[in-house]
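One letter stands for each residue in the lines below.
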Amino acid sequence: MIRFENVNKWFGAYQALVEIDEQVNRGEVVVVCGPSGSGKSTLIRALNRLEPIQSGRILLEGKDIHDRNIDLNAFRSGIGFVFQQFNLFPHLTALRNCTLAPVHLRRLKPAEADEAAMALLDRVGLAHKAHAYPSELSGGQQQRVAIARALAMHPPLMLFDEPTSALDPEMVGEVLQVMRGLAKDGMTMICVTHEMGFAREVSDRVLFMDHGRILERATPTEFFLRPQHPRAQQFLTDIRTPFAYAA
């Protein structure tokens, strides 16, 4: 479904993506992990054309996403993107956040959009908050609305950019539960996350990145029990080692 071919990306003199060559099959759940600054978020932002690349190609369903003739709005409407900071429209209710794009981009009738949005809010456990504004919702609730909003466009692909990193610990579980449900339903997903339990439990493959390169690609079992690259081994050692505090 997705193919990265020798993709390179620079921010000035800093190379954020280095010769990325990877593919993601339809129905796969791929978790991208690694230390901060490793290029994880840049990778999926490039896939949605939120970041330009300097060389290489990214193909989605066999089509070059940087083709000059591509309709960018139509292209992006086919990819669900969930950000770490929710990015809900603060002046719109949860329901209206979920109906805005279907009405204006898919040309659904408002009644149809309302019905579909209510079904999605129910799916994420928030039908009772349909008429609440983002300021009236917890962080976990806002993120679940953001997922429902992305799903409202019926995307074949969902991208998650550290969707739980801005949440209090007690709210993380409710968002991960929704993501587990999507994975179970066969949604193609690429998730940048530090939630290693989710990666171990839900993903089909784990990609480990550092300094803009994919250093390891493996099944969850292989990655967590038998990591091959020394940097991946060190990463897993570091996240498993409790912090030691000097007296």
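Further up the page is the structure itself.
All values reported here derive from a predicted model rather than from experimental measurement. (Residues numbered from 1 in each chain as written. Predicted model: local features only at pLDDT ≥ 70, side-chain atom pairs only at ≥ 80, totals over all residues. Heavy atoms only, no water.)

Caption draft 1: Main features of the overall build of the chain. A count of helical and extended segments in the chain gives nine helices and 10 strands. By principal-axis analysis of the C-alpha atoms, the chain measures approximately 55 × 55 × 35 Å. Relative to its 247 residues, the chain shows a buried fraction of 50%. Across the chain, the fraction of contacts at a sequence separation of at least 24, relative to all contacts at a separation of at least 6, is 66%. Accessible surface, the chain: about 12,200 Å² in total, of which carbon and sulfur atoms supply 51%. (Helix = DSSP H or I, 4+ residues; strand = E, 2+ residues; numbered from the N terminus. Buried < 20%, exposed > 50% of the residue type's maximum accessible area, 1.4 Å probe, protein only. Contact = heavy atoms within 4.5 Å. Areas by Shrake-Rupley, 256 points an atom, 1.4 Å probe, with all protein chains shown as cover.)

Caption draft 2: Region of the structure containing the side chain of E216. Within the secondary structure layout, E216 lies in strand 10 (residues 213-218). No salt bridge forms around the buried E216; measuring N to O, its nearest opposite-charge neighbour R226 is 9.0 Å away. Residues contacting E216, with those up to four places away along its chain left out, are V206, L207, F208, F223, R226, P227, Q228, H229 and A232. (Lys, Arg positive; Asp, Glu negative; His and termini not counted. Salt bridge = Lys/Arg side-chain N within 4 Å of Asp/Glu carboxyl O.)

Caption draft 3: Inspection of the sheet that holds strand 4 (residues 55-60) at higher detail. Strand order in this open sheet of four strands is 2-1-4-5, and the pairing throughout is antiparallel. The open sheet terminates on both sides in strands that have one partner only, identified here as strand 2 (14-24) and strand 5 (63-64). Relative to strand 4, strand 1 (residues 2-11) runs antiparallel, the two sharing five bridges. Looking at strand 4, one finds that I2 is bridged to L60. (Pairing = 2+ DSSP bridges.)

Just geometry here; none of it tells us what the structure is for.
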